[in-house]
Amino acid sequence: MFTMKPEIDKDKCDGCGLCVGVCHENGIMIANKTVVVIDEVECDWCGLCEAVCPNDAIRCPLLIVFA
Amino acid sequence: MKTKTELVNTSVFFAGLKPEELEPIIKLIIEKKYERDEMLFFEGDATESLIFLASGVVKIFKTSPDGKEQILSIAHPEETLNELPLFNGGLNATSAQAMMRVVVYMINKRDIEMLMRKYPLVASNVIHILAKRTRRLVTLVEELSFKRVNGRLAGILLENAVREGQSGARLTQRDMAAMAGTAREVISRSLKAMEDDGVIGFDKHKLIIKDREALKIISQTYS
Ligand code: SF4
Ligand code: SF4
């Protein structure tokens, strides 16, 4: 099973909630004014949260490998 | 070749004006001829008048710092050649060269401005024309930069790729965009296109290079 969460930089996140709205897995929520990924199992690393974040606070980095 | 009267009667610039309003405009037109290869204007020069191509074909181009010529468009009769710099008050952003014997009709910038003030219809025609031209340029820029971004991105992927099981740099699309000097959206589109072509694939948090040779070719062709 794939379990890995988008990386969150709590210092950069201002809790605006944009990522919460775009996550098609409803896997993100805001707690204590910062973002938490609650459903790492369903996260398919689509990168929408990263795309929408104005503060570069949530990231879905990719390891590049040769097949 | 259209006469001056036919030009003002049919040009989109003056569409909607009454015949008695068109009449005085004809007198404002200056005719000029160019031989093949002759320059109509140069990039960086001030724009003095709006140029309508009456006959012949004109090459609109830019010269890159390394001297390469980038043809932006080939203008045909009845097109205007320089409306963008004319209306932004700036210098010519392009050069124009006659590709055969060419006749142009010109209207002085001050006269055009006077007509726009006098006839709001002309001003709205101008907006229409500029919007259309801008859209064409945007498309061209997209095509050009998309190819270049593909090239740079291919290089970035090759440089940062590791063998399965090894550890390596983990890059976000934003990182790749910063490295390629573009926006994340552009990288996103570029990756999608490569995925559609079967060059790369995704497996959760891994970006898999499926066709290393293809990536090399993309990188060499467009960087
Ligand atoms: S990568 Fe996609 S699925 Fe995962 S948390 Fe972000 S938006 Fe949700
Ligand atoms: S979009 Fe960015 S700043 Fe806003 S809540 Fe999500 S991670 Fe935090």
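Please refer to the structure higher up on the page.
Residues numbered from 1 in each chain as written. Chains lettered and ligands numbered in written order. Predicted model: local features only at pLDDT ≥ 70, side-chain atom pairs only at ≥ 80, totals over all residues. Heavy atoms only, no water.

Quick notes on the overall build of chain A
Logical step 1: A tally of helices and strands in chain A yields two helices and five strands.
Logical step 2: Starting at the N terminus, the α and β elements of chain A follow one another as β-α-β-β-α-β-β.
Logical step 3: Expressed as a percentage of its 67 residues, the buried residues of chain A come to 39%.
Logical step 4: Residue pairs in contact within chain A that sit at least 24 positions apart in sequence constitute 55% of those at least 6 positions apart.
Logical step 5: On chain A, roughly 3500 Å² of surface is accessible, and the fraction owed to carbon and sulfur atoms is 52%. (Helix = DSSP H or I, 4+ residues; strand = E, 2+ residues; numbered from the N terminus. Buried < 20%, exposed > 50% of the residue type's maximum accessible area, 1.4 Å probe, protein only. Contact = heavy atoms within 4.5 Å. Areas by Shrake-Rupley, 256 points an atom, 1.4 Å probe, with all protein chains shown as cover.)

Details of empty space enclosed by the protein
Residues and elements named next belong to chain A.
Logical step 1: This model, assessed by the stated rule, comprises two cavities of 30 Å³ or more.
Logical step 2: Estimated volume of the largest cavity: approximately 110 Å³.
Logical step 3: Looking at the largest cavity, it is lined by 16 residues, and the ones nearest its centre are P6, C23, I28, C43 and C49.
Logical step 4: Residue composition of the lining of the largest cavity, grouped by class: 10 nonpolar, three polar and three charged.
Logical step 5: Counted as a void, the second largest cavity has a volume near 90 Å³.
Logical step 6: Surrounding the second largest cavity, 14 residues form its lining, C13, C16, C19, C53 and A57 being those nearest its centre.
Logical step 7: Of the residues belonging to the lining of the second largest cavity, the class tally is 10 nonpolar, three polar and one charged. (1 Å grid on protein atoms, 1.4 Å probe; cavity = no way out; pocket = protein on both sides within 12 Å on 5 of 7 lines; lining within 4 Å. Points joined across faces, edges and corners; volume = space filled by probe spheres on them. Nonpolar A, V, L, I, M, F, W, Y, C, P; charged D, E, K, R; others polar.)

Digging into the site of ligand 2
Residue and element names in this part refer to chain A.
Logical step 1: Close to ligand 2 lie 14 residues, the nearest being C13, C16, G17, C19 and C53.
Logical step 2: In this structure the site holding ligand 2 corresponds to the second largest cavity.
Logical step 3: Looking at the shell around ligand 2 residue by residue, the classes come out as 10 nonpolar, three polar and one charged. (Near = heavy atom within 4 Å. Sits in = over half its atoms within 2 Å of the grid points.)

Side note on the pattern of salt bridges
Note that side chains of opposite charge can pair when their charged atoms are close.
Residues and elements named next belong to chain B.
Logical step 1: Going through the model one piece at a time under the given rule, you end up with 16 salt bridges over all chains.
Logical step 2: In this structure, the salt-bridge partner of D196 is K192, at a minimum N-O distance of 2.9 Å. Of this pair, D196 and K192 both sit in helix α7 (residues 184-196), separated by four residues, roughly a single helical turn.
Logical step 3: Among the residues examined, D196 registers a relative accessible area of 55% and is labelled exposed.
Logical step 4: Given the relative accessible area of 44%, K192 is considered partly exposed. (Salt bridge = Lys/Arg side-chain N within 4 Å of Asp/Glu carboxyl O.)

Looking at the sheet that holds strand β1 (residues 30-34) of chain B
Residue and element names in this part refer to chain B.
Logical step 1: On the basis of which strands lie adjacent, the open sheet formed by three strands has the order β1-β7-β3 and antiparallel pairing. The open sheet has two edge strands with one neighbour each: β1 and β3 (49-55). Averaged over all pairs of adjacent strands, the angle between their axes in this sheet comes to 30°, without regard to strand direction.
Logical step 2: Pairing geometry for β3 and strand β7 (residues 102-108), over six bridges, is antiparallel. Within β7, the residue paired with S55 across the bridge is V103.
Logical step 3: Contacting β3 and β7, helix α4 (residues 109-118) runs over the sheet at an angle of about 60° to β7. (Pairing = 2+ DSSP bridges. Axes fitted to C-alpha atoms, helices over the stretch in contact; angles between N-to-C directions.)

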